[in-house]
Amino acid sequence: MRYDSPDSRESKLHLFWSIYILDKALSLRLGRTSAMPDHDISLPHKPSTGHVPDPWISIFLRWIDVAKIQGEVYDRLFSPAALSEPARERASHAGRLASKMQQIIAESSKACFLTGFEFDEKSPFLYIIRKSDEVNNLAILTLIYRATPTSETWPFAFVAECVDSARAAMDSHHECMARLKLVSDTLKCSYAHWTVLQTPFVPFIVIFCHVIDASDFGDLRRLEDFVRSIECLCPLSQAVAKLHYLCQTLVLLAQLYIKAKVQGQEDQTLPFAGQEVGRYLASIGLAPHSPYKDCNSQQQMVDAETSTMGLPREGSDYDDSGAMSERMQLDTWFSGNLSLMALLEDDLVQLDPEIRTSW
């Protein structure tokens, strides 16, 4: 670009960073390493503002900052290399990335306050963009906190900050959906594809797992509200229709699990039907914090993973009680999350005839 005109150079820089943003988002969504590693990039990290007015240039620059964090989230927290590191190393990276993400969220909120963040029916695009960013940023923060190990005294699978971030993302989504009812189908599709489907399962799955883990009826209502909220988007997008069906199925699963759990607590003579649900959730990486364990198969895993002295082998995926290690839980959860997202690429018509393929 040395001999390009200023306008041509600026256009190329904006194109490059736009591709960079997409690459990092897809890398994290698909669980694949980025095709554009930061150490190979020598271009200025802040492209020229040129003739692009605020607030658009500020939004674009924040997208670049978020993309860098997305790249680090995969590389430092969920890549095979990251999962082979000690838990304290991942916790350190998670804390650093969470601080960066919180700073971006705070700066974005401040910018909205200074420039105005009111919904305008005549020009709703800016509001939807900003609200979409808020949902996406909170979803990324949720994923970062998911990699934070819990303390031995904490009774649940996820740290409190992870669940709180997921709740905030869901609440922000509902605020945006309330406004989307007043805008064109084009804007609705933009939000559905660039926000709901970009990181679709992270806040929802975290809340789902917490419902299973803690039998939290308030969070169960959050899941039900989310399913209802995206129903209006189904006629506009086949992918959203699939997402709606999958989320609806998981909500039903959570309802059945909690119902079985309550019945088992009320009548100790009844077999806990939730054990079967627990086994299924474990198979897709979404098991509750204290899943039902089959003693025989669990003991076999312990025997295979321990030394002759009965101590866990170095790098073992199970501890001496037969429970999954923190590393294995994180790996299984992330893989299960990716598997659920992969279902959005499959043909679900046979499972639900209401899902059509003739959009």
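Each chain carries its own residue numbering, running from 1 in the written order of its sequence. Where totals are concerned, whole chains, interfaces and linings use all residues; where local detail is concerned, this predicted model gives features only for residues with pLDDT of at least 70, and gives and counts side-chain atom pairs only at 80 or more. To get the side-chain values, all heavy atoms of the structure are used, and hydrogens and water are removed first.

By the naming in an unreviewed UniProt entry, the protein chain goes by Xylanolytic transcriptional activator regulatory domain-containing protein and is assigned to Aspergillus pseudoviridinutans.

1. Digging into the packing of helix α5 (residues 125-146) against helix α8 (residues 202-214)
Our working rule: Here an angle of 0 to 180 degrees is reported between the N-to-C directions of two axes, which are lines fitted to C-alpha atoms, with helices fitted over the stretch in contact. Here a strand is any run of E in DSSP of at least two residues, a helix any run of H or I of at least four, and the numbering for each starts at the N terminus. The cut-offs work like this: below 35 degrees is roughly parallel, past 145 is roughly antiparallel, 65 to 115 is roughly perpendicular, and the gaps in between are oblique. Left-handed describes a crossing in which the near helix is turned anticlockwise from the far one by less than a right angle; the clockwise case is right-handed. A contact between two residues is defined here by any heavy atoms of the two lying within 4.5 Å. Any residue that is not Ala, Val, Leu, Ile, Met, Phe, Trp, Tyr, Cys, Pro, Asp, Glu, Lys or Arg is counted as polar, Gly included; the first ten are nonpolar and the last four charged.
Put simply, α5 and α8 touch, their axes get as near as 8 Å, and they point 50° apart. Relative to α8, the element α5 is oriented oblique. The interaxial crossing formed by α5 with α8 has left-handed handedness. Touching Ala139, Thr142 and Leu143 of α5 are Val202, Pro203 and Val206, all from α8. Of the residues contributing to the contact of α5 with α8, the split by class is 5 nonpolar, 1 polar and no charged.

2. Observations concerning the UniProt feature "domain: Xylanolytic transcriptional activator regulatory" (unreviewed entry) in the protein chain
We count it as follows: UniProt positions are given in the numbering used here, feature names are shortened, and annotations may be inferred rather than shown by experiment.
Residues annotated in UniProt with the feature "domain: Xylanolytic transcriptional activator regulatory" (unreviewed entry) correspond here to residues 5-44. Along residues 5-44 one finds 62% helix and 0% strand; the C-alpha atoms at either end are 17 Å apart.

3. Describing the pattern of salt bridges
Applied cut-off: In the sections that follow, a salt bridge refers to a side-chain nitrogen of Lys or Arg positioned within 4 Å of a carboxyl oxygen of Asp or Glu. When a residue's accessible area, from a 1.4 Å probe over protein chains only, is under 20% of the maximum for its type it is buried; when over 50% it is exposed; and in between it is partly exposed.
Going through the model one piece at a time under the given rule, you end up with 12 salt bridges. Linking Glu134 and Lys131 is a salt bridge whose minimum nitrogen-to-oxygen distance equals 3.0 Å. Here Lys131 and Glu134 lie together in helix α5, a separation of 3 residues that amounts to about one turn. Judged by relative accessible area, Glu134 falls into the partly exposed class, the value being 26%. The class of Lys131 is buried, set by a relative accessible area of 5%. Within this structure, Asp164, Arg167, Asp171, Asp216, Asp219 and Arg222 form a network of salt bridges that share partners.

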